[in-house]
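Secondary and tertiary structure notes
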Amino acid sequence: LIHASAYADFLVIDRSKYDIVAVTGNSMGWYTALSCAGGVSPEQGIHLVNTMGRLMQETLIGGQIIYPLLDAHWQVVPGRFESILQEMTRINAEADAEIYISIHLGGWLLLAGNEAGLSQIIGFLPPIDAFPMRLAQHGAYHSPLQAPISQKAQRDLSAEMFRPPDLPIIDGRGKIWEKTTSNMEELHRYTLGTQIITPYDFTRAIQVAVCEFAPERIILLGPGNGLGGAIGQSLTQIGWQGLQDKARFSERQESDPYILAMGRADQRAKVV
């Protein structure tokens, strides 16, 4: 449903107002980005999402937690990320515990692990409001624990479903896939291999997108606007267009929104 909503939003963007220069997405949004950019057909995009959802549901391995790396003003808390990495190293040295970085999500860090690893990192992280938060029904996405899922996906889905994208796509490493230079075997390996078992860096994807393509607006597809904050945090981390903190970002969004979330009626009206 999330994929269908996002893809339907993409189809109704007013192309007389907006030229789409590139597409990116977070985690499952990579599959939607492939559909929007033409890296797979609409039908194959649905097949890809349904197949991955089925495999994840059949083999729910481990889990995920989310934790903030920034303060209330979207400024980096000195030493927080480094201390988390240090504790992860200690935990992974134990025989039965595994914990990995799963997603870099603007000012948020998602960690993935098995039960032993998750319980230890949750016990280590100082409580901040509702965090650390265990994400319900989430497996250990984007970590080596998902290797069995990756192997099944590469067995069930062939490289023939992929095609050179009509629009540039920025993946979860910040790599840009272009129509004339993309290799379909490599795209298959990345989509069903690399991005399933290694961290997904949505922060970097957004930063590469704006630095390489200099868009006048970022259009956020799909239901709700939950990624708006993560995108804003990704932009403030590089001071994009003078956006240095949460206050400046909020002021910009009120006066001349840089991010247009189609899940918000007022911003959707500027897009369709």
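The model shown is predicted, which means the values in this text are computed figures rather than measured ones.

Computed from the structure, the second largest pocket encloses a volume of approximately 290 Å³. Lining the second largest pocket are 16 residues, and of these Gln-253, Glu-254, Ile-259, Arg-264 and Gln-267 lie nearest its centre. Of all the secondary structure elements, the ones that give two or more residues to the lining of the second largest pocket are α9 (228-236), α10 (246-255), β10 (259-261) and α11 (265-268). Here the element with the most residues in the lining of the second largest pocket is α10; it accounts for five residues. Looking at side-chain class alone, the lining of the second largest pocket contains five nonpolar, six polar and five charged residues.

This next bit is on the pattern of salt bridges. Any two side chains of opposite charge can pair if their charged atoms end up close together. Per the counting criterion, the structure on display carries twelve salt bridges. Among the ionic pairs, Arg-268 bridges to Asp-9, the shortest N-O distance being 2.9 Å. One end of the pair, Arg-268, is in helix α11; the other, Asp-9, is in helix α1 (residues 2-11), with 259 residues separating them in the sequence. Judged by its relative accessible area of 27%, Arg-268 falls in the partly exposed class. Asp-9 gets classed as buried once you look at its relative accessible area, which sits at 7%. Measuring nitrogen to oxygen at the nearest pair gives 2.8 Å for the salt bridge that ties Asp-256 to Arg-217. In this pair, Asp-256 sits in the loop between α10 and β10 while Arg-217 sits in the loop between α8 (202-213) and β9 (218-220), placing the two residues 39 residues apart along the sequence.

Cut-off values and rules
- Numbers given to residues run from 1 along each chain, matching the order in which its sequence is written.
- In view of the model being predicted, local features appear only for residues whose pLDDT reaches at least 70, and side-chain atom pairs are presented and counted only at 80 or more, with totals across whole chains, interfaces and linings using the full set of residues.
- For the side-chain quantities, the full set of heavy atoms in the structure was used; hydrogens and water were omitted.
- The definitions used throughout rest on a 1 Å grid laid over the protein atoms alone, on which a cavity is an enclosed set of points accommodating a 1.4 Å probe that cannot get out and a pocket is an open set flanked by protein within 12 Å on both sides along at least five of seven lines; lining residues are those having an atom within 4 Å of a point.
- Grid points are joined across faces, edges and corners, and a volume is the space filled by probe spheres set on the points.
- The numbering of helices and of strands both runs from the N terminus, where a helix is a DSSP run of H or I of at least 4 residues and a strand a run of E of at least 2.
- Gly counts as polar in this scheme, as do all residues outside two lists: the nonpolar Ala, Val, Leu, Ile, Met, Phe, Trp, Tyr, Cys and Pro, and the charged Asp, Glu, Lys and Arg.
- Salt-bridge detection follows one rule: a side-chain nitrogen of Lys or Arg within 4 Å of a carboxyl oxygen of Asp or Glu.
- Note on classification: 1.4 Å probe, protein chains only; a residue is buried when its accessible area is under 20% of the maximum for its type, exposed when over 50%, partly exposed between these limits.

Just distances and angles here, no functional claims.
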